[in-house]
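A closer look at the structure
Residues per chain are reported as follows:
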Amino acid sequence: MIELEGVAHRYGAATALDGIDLDVGAGEFVVLGGPSGAGKSTLLRVMAGLVRPTAGRVVVSGQDLARERRAAPWLRQRIGLLFQELALLEDRSAIDNVRLPLDIAGVPGRTARERASAALARVDLAGRERLRPAQFSGGERQRLALARAIVHGPALLLADEPTARMDAASALAVFELLHAQCGAGATVLIASHDPTTIDDVRVRHVRLERGRIVEDRAATCPARVARPAEA
Ligand code: ADP
């Protein structure tokens, strides 16, 4: 799904990524960890086609992003983004926020409404369609943004700190929702320094430090298995 080769990125004199080689297969669930400033956000933005690397090769879904002339519309159909800066539209209802990717893709109105309602139900916000984002709590707003990120059934879901400012129970619920996307066939990459994660056995951990990959720990099993302590 994703092939990165020698990817580097500099913001002026600051090096954010420095020689990243990474292959992520379809259906994998990857958590990008590491301290603040390690390059996690930049790496997700490179994969989303939002940041062009200063060097290296970025292939997403078989397409070389450096060669793709019209990366944005092409990517929008295949990728779901959960980034802080993609703010909810405060003057629109919850359902109008969630259906946005479908409207952009030209999905007819009634189908878009039905799919947006189904996405809201998946994040446990059924029946809240007509409310404005301001009427949701912090954690609920994050789930609303998640519904918007998954509504078009993306093959790749990229999420930057999706559990920021959430309590442990809400964070766990969001991780489980994101993991369920893998079960539905999507590849999911999350940047997070939140220690709350689902079973380690189901997660591939990639740790960044100063723009380099310093650890890459594969998931030992894609489905839940008993840990030694439970066996
Ligand atoms: P992380 O997500 O792990 O906190 P980032 O990818 O946000 O890391 O940042 C990596 C490095 O790049 C940091 O040193 C950060 O200060 C720098 N950086 C990130 N975005 C910008 C920017 N827009 N302009 C200048 N430097 C940036």
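Our structure's up above, just so we're on the same page.
The sections below set out a description of the structure shown in this document. Keep in mind that what you see is a predicted model, and the values were worked out from it rather than measured.

Thoughts on the pattern of salt bridges
A full pass over the atoms with the stated rule returns 12 salt bridges. Note that Asp216 and Arg204 form a salt bridge whose closest N and O atoms lie 2.8 Å from each other. Residue Asp216 is found in strand E10 (residues 212-217), and its partner Arg204 is found in strand E9 (residues 204-209); the two are separated by 12 residues along the sequence. What makes Arg204 buried here is its relative accessible area of 10%.

Here's the deal with helix H6 (residues 138-150)
Between its terminal C-alpha atoms H6 stretches 19 Å, which fits the 18 Å expected from 13 residues at 1.5 Å a residue. Counting buried residues along H6, 10 of its 13 residues qualify, which places the element largely inside the surrounding structure. Turning to H6, its buried residues are Gly139, Glu140, Gln142, Leu144, Ala145, Leu146, Ala147, Arg148, Ala149 and Ile150. Residues of H6 that are buried in the fold lie against strand E6 (79-82), helix H3 (94-98), helix H4 (100-104), helix H5 (109-122), strand E7 (156-160) and helix H7 (168-183).

A closer look at the environment of Glu215
Tracing the backbone shows Glu215 in strand E10. Classification of Glu215 as partly exposed rests on a relative accessible area of 34%. On a C-alpha basis, the gap between Glu215 and His205 in space is 7.6 Å, while along the polypeptide they are 10 residues apart. Dropping the residues within four chain positions of it, Glu215 is found in contact with His205, Val206 and Arg207. Polar side-chain contacts of Glu215 include one of 3.2 Å to the side chain of Arg217.

Remarks on the packing of aromatic side chains
Within the structure shown, the criterion is met by zero aromatic pairs. One cation-aromatic arrangement involves Arg45 over Phe83; the distance from NZ or CZ to the ring centre is 4.3 Å.

Rules of the game
- Residues numbered from 1 in each chain as written.
- Predicted model: local features only at pLDDT ≥ 70, side-chain atom pairs only at ≥ 80, totals over all residues.
- Heavy atoms only, no water.
- Salt bridge = Lys/Arg side-chain N within 4 Å of Asp/Glu carboxyl O.
- Helix = DSSP H or I, 4+ residues; strand = E, 2+ residues; numbered from the N terminus.
- Buried < 20%, exposed > 50% of the residue type's maximum accessible area, 1.4 Å probe, protein only.
- Expected span 1.5 Å × (residues − 1).
- Contact = heavy atoms within 4.5 Å.
- Polar contact = N/O pair within 3.5 Å; in protein donor to acceptor, adjacent residues only side chain to side chain.
- Phe/Tyr/Trp six-rings, centres within 6.5 Å; stacked < 30°, edge-to-face > 60°.
- Lys NZ or Arg CZ within 6 Å of the ring centre and 35° of its normal.

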